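Below are the chains, spelled out letter by letter.
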Amino acid sequence: MTCLDVSRMGFKHVGENVRIFPGAKIIGCEHIHIGSNVIIDDFVLIYATAPVYIGSYVHIASFTSISGGSVVLEDFAGLSSGVRIIAGSEDFLGGGLTNPTVPAKYRPVQRSVVHIGRHVIIGANSSVMPGVHVGEGTAVGANSLVGRSLEPWGVYLGNPVRRLKERESETILRLERELMAERPFEPLVPPDMRALYG
């Protein structure tokens with residue numbers, strides 16, 4: 001299967017060996033930084049209206065969407081099929097009019113950075129809400145609702161998400177060191193998160 005020519009898409013930065021399948025829809029490439037060894041599958045939607053950072057060795061599976069504001073996906077992160085990363089949402093409690101056809105001054109949109117740490121895997125059909133930081137090495141089970149920040153190296157599941165147990169980290173970190181010795185790359189240095197809150 002052929003992939004899109006990323007050198008012509010106008011990304012803010014793009015590394016080596018980035019494969020974006022032709023069925024992916026990416027809006028706002030000028031806001032997106034992509035590391036190396038990244039795969040973005042068909043039927044992914046990335047709607048970037050603010051800075052989006054995608055580290056190296058990241059996979060974004062089909063039918064996933066990233067929208068609403070600033071998002072950081074650190075190195076070795078993975079988003080399974082159907083994941084929703086939502087960095088902005090409207091107030092549905094009656095604080096204003098809601099939907100993008102209404103002028104902005106009448107809509108109470110709340111945006112907050114979503115930060116997905118290194119070695120995080122988000123299971124299929126899970127949703128991550130605005131302002132959430134998913135700590136390094138965390139695994140989130142399928143169909144989970146992540147409405148709060150999660151501590152590193154845990155296994156979480158549910159709606160709302162809850163911690164089930166620790167995730168083993170020694171093997172993952174050892175294998176990362178071995179890979180970097182064999183195939184060095186520039187790790188993503190996350191931006192100053194305060195600057196992303198604009």
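Thresholds, definitions, all that
Residues numbered from 1 in each chain as written. Predicted model: local features only at pLDDT ≥ 70, side-chain atom pairs only at ≥ 80, totals over all residues. Heavy atoms only, no water. UniProt positions renumbered as here; feature names shortened; annotations may be inferred. Helix = DSSP H or I, 4+ residues; strand = E, 2+ residues; numbered from the N terminus. Buried < 20%, exposed > 50% of the residue type's maximum accessible area, 1.4 Å probe, protein only. Polar contact = N/O pair within 3.5 Å; in protein donor to acceptor, adjacent residues only side chain to side chain. Contact = heavy atoms within 4.5 Å. Lys, Arg positive; Asp, Glu negative; His and termini not counted. Salt bridge = Lys/Arg side-chain N within 4 Å of Asp/Glu carboxyl O. Pairing = 2+ DSSP bridges.

Identification of the protein as Chloramphenicol acetyltransferase from Pseudomonas knackmussii is taken from an unreviewed UniProt entry. Under the UniProt heading Sequence similarities (unreviewed entry), the entry covering the protein gives this text: "Belongs to the transferase hexapeptide repeat family." Per UniProt, the protein has the following entry under Catalytic activity (unreviewed entry): "chloramphenicol + acetyl-CoA = chloramphenicol 3-acetate + CoA".

### Topic: the side chain of Glu 90
Mapping Glu 90 onto the fold places it in strand E13 (residues 88-90). Glu 90 gets classed as buried once you look at its relative accessible area, which sits at 15%. A distance of 3.2 Å separates a polar atom in the side chain of Glu 90 from the backbone nitrogen of Asn 99. In this structure the side chain of Glu 90 is engaged in a polar contact, spanning 2.7 Å, whose partner is the side chain of Arg 107. Residues in contact with Glu 90, not counting those within four places in the same chain, are Leu 97, Thr 98, Asn 99, Pro 100, Arg 107, Pro 108 and Val 109.

### Topic: the side chain of Asp 41
Turning to its location among the elements, Asp 41 is positioned in the loop between strand E5 (38-40) and strand E6 (45-47). Here Asp 41 sits buried without a salt bridge, and the closest side chain of opposite charge, Arg 19, lies 7.9 Å off (N-O distance). There is a polar contact of 3.4 Å between the side chain of Asp 41 and the backbone nitrogen of Ser 62. Here Asp 41 is in contact with Phe 21, Ala 24, His 59, Ile 60, Ala 61 and Ser 62, once residues within four sequence places are set aside.

### Focus: the environment of Ala 87
Mapped onto the secondary structure, Ala 87 falls in the loop between strand E12 (84-86) and E13. Sequence separation of Ala 87 and Glu 166 is 79 residues, and the distance between their C-alpha atoms is 27 Å. Contact partners of Ala 87, with chain neighbours within four places excluded, come to Ser 67, Gly 68, Gly 69, Ser 70, Val 71, Gln 110, Arg 111, Ser 112, Val 114 and Pro 130.

### Re the pairing of strand E21 (residues 154-158)
Counting buried residues in E21 gives four out of five residues, a clear majority hidden from the surface. Strand direction decides the pairing type here: strand E19 (residues 139-140) and E21, joined by two bridges, are parallel. Each residue of the ladder has a partner; that of Val 140, found in E21, is Tyr 156. As defined by bridge partners, E21 adjoins strand E22 (residues 161-166) across five bridges and the pair is classed as antiparallel. Looking at E22, one finds that Val 155 is bridged to Lys 165. Hairpin connection between E21 and E22: a loop of two residues separates the two successive antiparallel strands.

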